[in-house]
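Read off the chains here:
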Amino acid sequence: MPRDELADTVVRTWGGAGAAWLAGRDRLLADLACELDLELGAALPQTFHAVRAVTCSDGTAAVLKAGVPDGHLDAETTALRAWDGDGAVRLLWADPARGVLLLERAAPGTELTALPDDRAVEVVGGLLARLHRAPVPAGLDHVAGERAAFDAHLARPDEPLPRTLVERAASLWTRLCGSADREVLLHGDLHQHNVLAATREPWLAIDPHGRVGDPGYDCGQLLYNPLGADPAELARRAPDRLDRLADAVGVPWDRAVAWGFAVCVLSEVWDADGDAGWTGPGTALAVARRLAPLVAE
């Protein structure tokens, strides 16, 4: 029997609540299809949520996204409403209590990985510049709160990651958040896999985390993507990628480098502390090591 990766991830992340949600997933999707007059289509790439292609009664192609209703999709809903289709897929309907979103479908939906890296970085930078223009909505978490993940990691009795790098990233996090000269609505996870080819626009962002903070924060996630790329090659490219991203989002290069380093270390901290199957440092740490000598003290 083929492995159900969605089920594995949901149970690993939400435990009993995830198992209960999975048991009712098919009924939920069927009920929503009836309620919203949708024709359910094929499953789309999914990790933490059930994601189905659907067709609305008027023929509009859309995406139905459903997950454990614990509020984790609320930030995505808020961000998409704020952007209203400007650089990102449109939110068509949402039911936060049931953890469900109905989204514009980006067609053909090809990932940005289809482009050469230089062009992909240019597209991401252009999208970030647009997304950061939106008024910041109320109710979103500030990235300053993510400092707690470093502290929790440093409190572990073992040291799965180099302690000096984690301590430096934690200190930088506080300094960067406290010295921002402007704060914006952040995507929080914009990289090649979260940018899809569309018809309304050439490329649209999907799957925002929805945070508030310094625009430089959004320069970090691209650096350890795309998945499957050679870590050494991504580390080599990181300074040049940051040069172009810094220009796009309007932050000094040294600030973009500091954010890139700190975000890469945070990614490794999250992986090491949150994944029972973690096997050791990955691509993000390789990039962080490359950037460490470039970070201004």
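A few words on helix α1 (residues 5–36). For α1, built from 32 residues, the straight-helix expectation of 46 Å at 1.5 Å per residue is missed by more than 12%, its first-to-last C-alpha distance being only 28 Å. Its maximal kink placed at Trp 14, α1 deviates by approximately 140°.

Turning our eyes to something else, we now look at the pairing of strand β2 (residues 50–55). The pairing of strand β1 (residues 39–43) with β2 spans 3 bridges and is classified as antiparallel. Looking at the pairing, Glu 39 lines up with Thr 55 of β2. In sequence, β1 turns back onto β2 through a hairpin of 6 residues. As defined by bridge partners, β2 adjoins strand β3 (residues 61–66) across 6 bridges and the pair is classed as antiparallel. In the sheet register, Ala 50 faces β3, and the bridge partner there is Ala 66. Between β2 and β3, which pair antiparallel one after the other, the connecting turn spans 5 residues, and Gly 59 there sits at a positive phi close to 90°.

This part takes up the pattern of salt bridges. By the definition in use, this model includes 24 salt bridges. In this structure, Asp 26 and Arg 25 form a salt bridge, with 3.8 Å as the shortest nitrogen-oxygen distance. The class for Asp 26 is exposed, based on a relative accessible area of 55%. We classify Arg 25 as buried; its relative accessible area is 18%. Ionic pairing is found between Asp 117 and Arg 237, a salt bridge with its closest N-O pair at 3.6 Å.

About the cut-offs
Residues numbered from 1 in each chain as written. Predicted model: local features only at pLDDT ≥ 70, side-chain atom pairs only at ≥ 80, totals over all residues. Heavy atoms only, no water. Helix = DSSP H or I, 4+ residues; strand = E, 2+ residues; numbered from the N terminus. Expected span 1.5 Å × (residues − 1). Bend = angle between axes of the 7 residues up to and from the residue. Pairing = 2+ DSSP bridges. Salt bridge = Lys/Arg side-chain N within 4 Å of Asp/Glu carboxyl O. Buried < 20%, exposed > 50% of the residue type's maximum accessible area, 1.4 Å probe, protein only.

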